[in-house]
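Observations on the model geometry
Single-letter residue listing:
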Number of protein chains: 2
Amino acid sequence: MRLVIIGGSDAGITAGLRARQLDPTTDVHLLVADHYPNFSICGIPYYVSGEVPDWRSLAHRTRNDLEKAGLQLHLDERAVGIDVDARTVSTVSAAGEARAIGYDRLIIATGAVPNKPPIAGLDQLGAGDGVHLLHTMGDTFAVTKTLEEGARSAAIVGAGYIGLEMAEALRNRGLDVTVVEQLGQVLPRTLDPQLATLIETELVRNGVSVFCDTAVTSIETSDAGLEVNLSRGGQPGSLAADLVLVVTGVRPDTRLAVDAGAKTGFGGALAVDTGMRTNLPDVYAAGDCVHTHHRLLDYPTYVPLGSTAHKQGRVAGESAVGGSTTYAGSLGTQVVRIFDLVAAATGLRDREAAAAGYHPATVVSASYDHKIYYPGATPIALHVTGDTVTGRLLGAQLVGHSSAQIAKRVDILATAIHYGGSVDDIGILDLSYTPPLGSPYDAVQIAAHAWQDNQVR
Amino acid sequence: MRLVIIGGSDAGITAGLRARQLDPTTDVHLLVADHYPNFSICGIPYYVSGEVPDWRSLAHRTRNDLEKAGLQLHLDERAVGIDVDARTVSTVSAAGEARAIGYDRLIIATGAVPNKPPIAGLDQLGAGDGVHLLHTMGDTFAVTKTLEEGARSAAIVGAGYIGLEMAEALRNRGLDVTVVEQLGQVLPRTLDPQLATLIETELVRNGVSVFCDTAVTSIETSDAGLEVNLSRGGQPGSLAADLVLVVTGVRPDTRLAVDAGAKTGFGGALAVDTGMRTNLPDVYAAGDCVHTHHRLLDYPTYVPLGSTAHKQGRVAGESAVGGSTTYAGSLGTQVVRIFDLVAAATGLRDREAAAAGYHPATVVSASYDHKIYYPGATPIALHVTGDTVTGRLLGAQLVGHSSAQIAKRVDILATAIHYGGSVDDIGILDLSYTPPLGSPYDAVQIAAHAWQDNQVR
């Protein structure tokens, strides 16, 4: 059985490996548009920062590893068409050679492409001018080229997690960095405003200028470099920068699949069932190009994250060889480290929960990560969202120091939400305790108690 | 309503605070045998080590905090008898004054006392000779007195978590330290032997001598200090030490309650229902003096841990004011940091699971705490135990670096076990990911996949 996979990033690779693991006779071909299969896109900021000295180490697995596992990689070969009736994918190589490759099963893992906001001049300027999008290893090398050419200041458009990670990376490289965000806070899709303020303060403490509620209207070249024109509350402004990075989220890359007749769902992403099947016969899809089932919502959403792509890819690979597993659904769990702070979130925020028909209440609390008498204790700020009618835990956000185990604390809450747990449950979990690493009631349990104490039930 | 609580440590204090929170009219009296209410016994090693400079900061809450919360503290007043019919507790103060205090409801939170193993000479020697048990603040001050008198070497009898934490503490104080353990490994009640070896290596790397499979037969005074006589495989031996610390576990302190007619359960601990009620009318009990309900066992066990005592105390306090909550049960979750390593465990070990009627299999794996390309990645060794018939997750053990979020990673697994989750579930949880703090599949998920891959089902 020949399985063709379009895309060599998290979802595609994981699908291929899983298919081979379950049925080692599967003939797996991966079409990879560039020369970088299985690269950790999430690791790009740490290469740019200099913390990861060699870009090659960003590969989750080497080409050799992948080939040993039985994946046949076709690098620099872009899929340009799918013929569902003929069961072929037509491709063009970097050298311009065209061919068609037949499949029995097909997995589409084309990922996402960066959003391009309506900024005047953006279409006319490119990497050679110092204006960058950031999504591929090619984009990454273009950014480092601008840096090597002597860029000393950067304007980052978008204060999502990639924007903020890149702000840190470019500060580490010694640049003056300004982050411009159209909405009223940093990490607008992750955190409540009160918690976002902690992250904004950390950015400023580390020399990053942050302009929220500010739109970029145009980008122009000038004698001094680039001029980024702004609008804030109707007032114009501008800033000069040698490098402009536009990181305002991504949208699913679905053209190929849609042209072949695939249906789309939320946000234009490919519609798939929980087995990652599209509406096309023997065609599956996974990762940033598909909509995402959510455990707390009755309808799909869009969660373009590496952790999600891996899980969906694993299911797609299993489905493609005849398995019956299903994707369990996302909670939108995420974590980002910004300088010395870590912000994490899982589940629904208050407004999202209300829009989904829940009756949420969100309670704010703060606790130390471990017993305060032991050196190094730092405070964790927590928001816990629960349903006031059913008591169900709906979501949580945490911000704390990078030593405060924030990433795995949010995972405790994500695990409880996975099982449909209540806020009350959190308080009675048998969690681990030793004074240098926790408290008899962990910070997440103190937050749950605070939520309980705030309810009149 | 007058609520009398015997015991001023975790369970007693938590019970009193919860009772007052739920019914502020409750007249709460706490009988505290010493002068140190609400002290963090788990913090003693960090005071001895010097990391916590002032012993006063070991108090979870100050006396003032407790009194503000409405607890009436009777310090240095030891309960010596309970008259269930008359509903009185008779006490003796440090000054020798006797009285009886009436109660409507009584909570027994007398805790535990250190085991005294059958070592010749142990009964004749005491703190003045440099031979110590370690359970109270009084014991702590006796140890620090021996240190201040110039002790330069220590023998620690027992390689449980307190023994190992004290080994680290005394090394920090510059002593030569030897740990002697009768069983074949360190942390015998927490870890499988393979993982215990990692901890033993860390101890040795930090200059601690470790003798396992070695019994202490007698302790004698000599001109040079103390002589600890050993037996290993029938071969005699001895070591000289200025300080001997005997930390071979604890047993429930139940004399008062038993004399009043209370029934005992597992290991001689007080038998209580899940509402923390004893068999005596209006008498509750919680903490290290009671047996512990376990979520994976059909019968109670004994888990003398601060985290457990807090939760049981909270339930006892609620029951005492008429509430109907129940103790959810323990999983025996624990964590200990030994120098730069952290060991954690939850649920049942393979042998325990088999003894309880499960069909366990335990699979060993190792994963990095975060993406290896990002600096500072360290390996985590994991044992996952699951039921081969039902797929249920039964337990897990983790050992890793102190930066590796081990404490909260074990909590993810404890949370899944709380809900009766399967090993398969772990792999599909939506856990957080960013390269400096995790992987797209977290270490606990890779361990779950390893377990799945090892099963023929």
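Residues numbered from 1 in each chain as written. Chains lettered and ligands numbered in written order. Predicted model: local features only at pLDDT ≥ 70, side-chain atom pairs only at ≥ 80, totals over all residues. Heavy atoms only, no water.

Before going further, it helps to spend a moment on helix 1 (residues 10-22) of chain B. Residues and elements named next belong to chain B. Counted at 1.5 Å a residue, the expected span for helix 1 with its 13 residues is 18 Å, and the 18 Å between its end C-alpha atoms agrees. For helix 1, a buried count of 10 out of 13 residues is recorded, marking the element as mostly surrounded by other parts of the structure. Among the residues of helix 1, those classed as buried are Asp 10, Ala 11, Gly 12, Ile 13, Thr 14, Ala 15, Gly 16, Leu 17, Arg 18 and Ala 19. (Helix = DSSP H or I, 4+ residues; strand = E, 2+ residues; numbered from the N terminus. Expected span 1.5 Å × (residues − 1). Buried < 20%, exposed > 50% of the residue type's maximum accessible area, 1.4 Å probe, protein only.)

Under the criterion given, the structure shown has 38 salt bridges over all chains. Across the salt bridge formed by Glu 168 of chain A and Arg 337 of chain A, the nearest N and O atoms sit 3.4 Å from each other. One end of the pair, Glu 168 of chain A, is in helix 5 (residues 161-172); the other, Arg 337 of chain A, is in strand 19 (residues 334-338), with 169 residues separating them in the sequence. With its nearest N and O atoms 2.8 Å apart, the salt bridge here joins Arg 409 of chain B to Asp 442 of chain B. A residue pair is termed long-range when its members are at least 10 positions apart, and Arg 409 of chain B in helix 10 (residues 406-418) and Asp 442 of chain B in the loop between helix 11 (423-428) and helix 12 (443-454) qualify at 33 residues. Under the relative-accessibility criterion, Asp 442 of chain B is labelled buried at 1%. (Salt bridge = Lys/Arg side-chain N within 4 Å of Asp/Glu carboxyl O.)

Turning our attention to the sheet that holds strand 10 (residues 153-157) of chain A. Through backbone hydrogen bonds, the strands of a sheet pair up, either in parallel or in antiparallel fashion. Residue and element names in this part refer to chain A. The 5 strands are arranged 9-16-10-11-12 in an open sheet whose pairing can be described as parallel. Since the sheet does not close on itself, it has two edges, and those belong to strand 9 (131-132) and strand 12 (208-211), each with one partner. Relative to strand 12, strand 11 (residues 176-180) runs parallel, the two sharing 4 bridges. Within strand 12, the residue paired with Val 177 across the bridge is Val 208. Across the sheet, helix 4 (residues 137-148) touches strand 9 and strand 16 (243-246), and the angle it forms with strand 16 is around 160°. Contacting strand 10, strand 11, strand 12 and strand 16, helix 5 crosses the sheet at an angle of about 170° to strand 11. (Pairing = 2+ DSSP bridges. Contact = heavy atoms within 4.5 Å. Axes fitted to C-alpha atoms, helices over the stretch in contact; angles between N-to-C directions.)

Let us look at the sheet that holds strand 5 (residues 88-93) of chain B. Residues and elements named next belong to chain B. The strand order 4-5-6 describes an open sheet built from 3 strands, whose pairing is antiparallel. Edge strands, defined here as strands with exactly one partner in the open sheet, are strand 4 (77-83) and strand 6 (98-102). Averaged over neighbouring strand pairs, the angle between their axes works out to 30° when direction is ignored. Two strands pair when backbone bridges link them, and strand 5 and strand 6 are joined in this way by 5 bridges, in the antiparallel orientation. Along strand 6, the bridge assignment pairs Thr 91 with Arg 99.

In this section: the interface of chain A and chain B. Contact with chain A, which involves 65 residues of that partner, is made by 65 residues of chain B. Of the roughly 5700 Å² buried between chain A and chain B, counting both surfaces, carbon and sulfur atoms make up 58%. When the buried area of chain A at its contact with chain B is split by residue, Tyr 373, Lys 408 and Asp 430 of chain A rank highest and sum to 14% of it. Where chain A packs against chain B, one counts 2 salt bridges. Its salt-bridge partner being Lys 408 of chain B, residue Asp 442 of chain A comes within 2.8 Å of it at the nearest N-O pair. Between chain A and chain B we count 35 residue pairs in polar contact (both at pLDDT 80 or more) in total. Contributing elements (two or more residues each) for the side of chain A that touches chain B: helix 1 (10-22), helix 8 (306-320), strand 19, helix 10 (406-418), helix 11 (423-428) and helix 12 (443-454) of chain A. Here the side of chain A that touches chain B takes 11 residues from helix 10 of chain A, the largest share from any one element. Of the residues contributing to the side of chain A that touches chain B, the split by class is 27 nonpolar, 24 polar and 14 charged. (Buried area = accessible area lost by both parts, 1.4 Å probe. Polar contact = N/O pair within 3.5 Å; in protein donor to acceptor, adjacent residues only side chain to side chain. Nonpolar A, V, L, I, M, F, W, Y, C, P; charged D, E, K, R; others polar.)

Glancing now at the UniProt feature "domain: FAD/NAD(P)-binding" (unreviewed entry) in chain A. In the UniProt entry, the feature "domain: FAD/NAD(P)-binding" (unreviewed entry) is given for residues 2-313 of chain A. Taken end to end, residues 2-313 of chain A comprises 24% helix and 29% strand; its first and last C-alpha atoms sit 17 Å apart. (UniProt positions renumbered as here; feature names shortened; annotations may be inferred.)

Once that is clear, we can look at the UniProt feature "domain: Pyridine nucleotide-disulphide oxidoreductase dimerisation" (unreviewed entry) in chain A. In the UniProt entry, the feature "domain: Pyridine nucleotide-disulphide oxidoreductase dimerisation" (unreviewed entry) is given for residues 337-437 of chain A. Taken as a whole, residues 337-437 of chain A contains 25% helix and 36% strand, while its terminal C-alpha atoms sit 19 Å from one another.

Residues and elements named next belong to chain A. Each assigned domain of chain A is listed here: domain 1 (2-113 + 250-320), domain 2 (127-246) and domain 3 (340-454). Each of domain 1 and domain 3 was reduced to a C-alpha centroid, and the two centroids are 34 Å apart. Taken together, the 5 residues of domain 1 in the interface contact 9 residues of domain 3. For the pair domain 1 and domain 3, the summed buried area comes to about 560 Å², and 60% of that belongs to carbon and sulfur atoms. For the pair domain 1 and domain 3, the number of links is 0 salt bridges. Counting every contact that joins domain 1 to domain 3 gives 2 residue pairs in polar contact (both at pLDDT 80 or more). Counted by class, the side of domain 1 that touches domain 3 contains 3 nonpolar, 1 polar and 1 charged residues. (Domains from an automatic or database assignment.)

Quick look at the pairing of strand 1 (residues 2-6) of chain A now. All names here are of chain A. Of all 5 residues that make up strand 1, 4 are buried, and the element is covered over most of its length. The pairing of strand 1 with strand 2 (residues 27-31) spans 5 bridges and is classified as parallel. Bridge pairing links Leu 3 to Val 28 in strand 2. At this point the chain moves from strand 1, through helix 1, to the parallel strand 2, and the crossover so formed is right-handed. (Right-handed = clockwise from strand over helix to strand, strands pointing away.)

One copy of the chain maps onto the second through a rotation about an axis and a displacement along it. With an RMSD of 0.0 Å, the fit of chain A onto chain B corresponds to turning through 180° and sliding 0.0 Å along the axis. The two molecules are tied by a two-fold rotation axis, judged by turn and shift. (Least-squares fit on C-alpha atoms with pLDDT ≥ 70 in both.)

Residue and element names in this part refer to chain A. Within the structure shown, the criterion is met by 15 aromatic pairs over all chains. Between the aromatic rings of Tyr 47 and Phe 141, the centroid separation amounts to 6.5 Å while the plane-to-plane angle is 85°, which identifies the pairing as edge-to-face. Taken together, the positions of Tyr 47 in helix 2 (residues 44-48) and Phe 141 in helix 4 put the pair 94 residues apart, joining distant regions of the chain. Here Tyr 47 falls in the buried class, since its relative accessible area comes to 14%. (Phe/Tyr/Trp six-rings, centres within 6.5 Å; stacked < 30°, edge-to-face > 60°.)

Attention shifts here to unusual backbone geometry. Residue and element names in this part refer to chain A. For Asn 38, which is not a glycine, the phi torsion comes out positive at approximately 60°. Of note in this structure, Asp 213 is not a glycine but carries a positive phi near 50°. Mapped onto the elements of the fold, Asp 213 is located in the loop between strand 12 and strand 13 (214-222).

This next bit is on helix 12 of chain A. Across its 12 residues, helix 12 of chain A extends 17 Å between first and last C-alpha, which sits within 8% of the 16 Å expected from 1.5 Å per residue. Each element contacted by the buried residues of helix 12 of chain A is listed here: strand 21 (360-368), strand 22 (379-387), strand 23 (393-401), helix 10 and helix 11 of chain A together with helix 8 (306-320) of chain B.

This part is about the packing of helix 10 of chain A against helix 10 of chain B. The N-to-C vectors of helix 10 of chain A and helix 10 of chain B enclose an angle of 5°; their axes lie 8 Å apart at closest approach. When the axis of helix 10 of chain A is compared with that of helix 10 of chain B, the two are roughly parallel. When helix 10 of chain A is examined against helix 10 of chain B, the residues Lys 408, Arg 409, Asp 411, Ile 412, Thr 415 and Ala 416 of chain A are found in contact with a partner set consisting of Lys 408, Arg 409, Asp 411, Ile 412, Thr 415 and Ala 416 of chain B. Among the residues making up the contact of helix 10 of chain A with helix 10 of chain B, the classes are represented as 4 nonpolar, 2 polar and 6 charged. (Parallel < 35°, antiparallel > 145°, perpendicular 65-115°, else oblique.)

All names here are of chain B. Take Gln 182: it is sitting in the loop between strand 11 (176-180) and helix 6 (193-205). With relative accessibility at 59%, the residue Gln 182 sits in the exposed group. Residues Gln 182 and Thr 214, 32 residues apart in the sequence, show an inter-C-alpha distance of 4.6 Å. Contact partners of Gln 182, with chain neighbours within four places excluded, come to Asp 213, Thr 214 and Ala 215.

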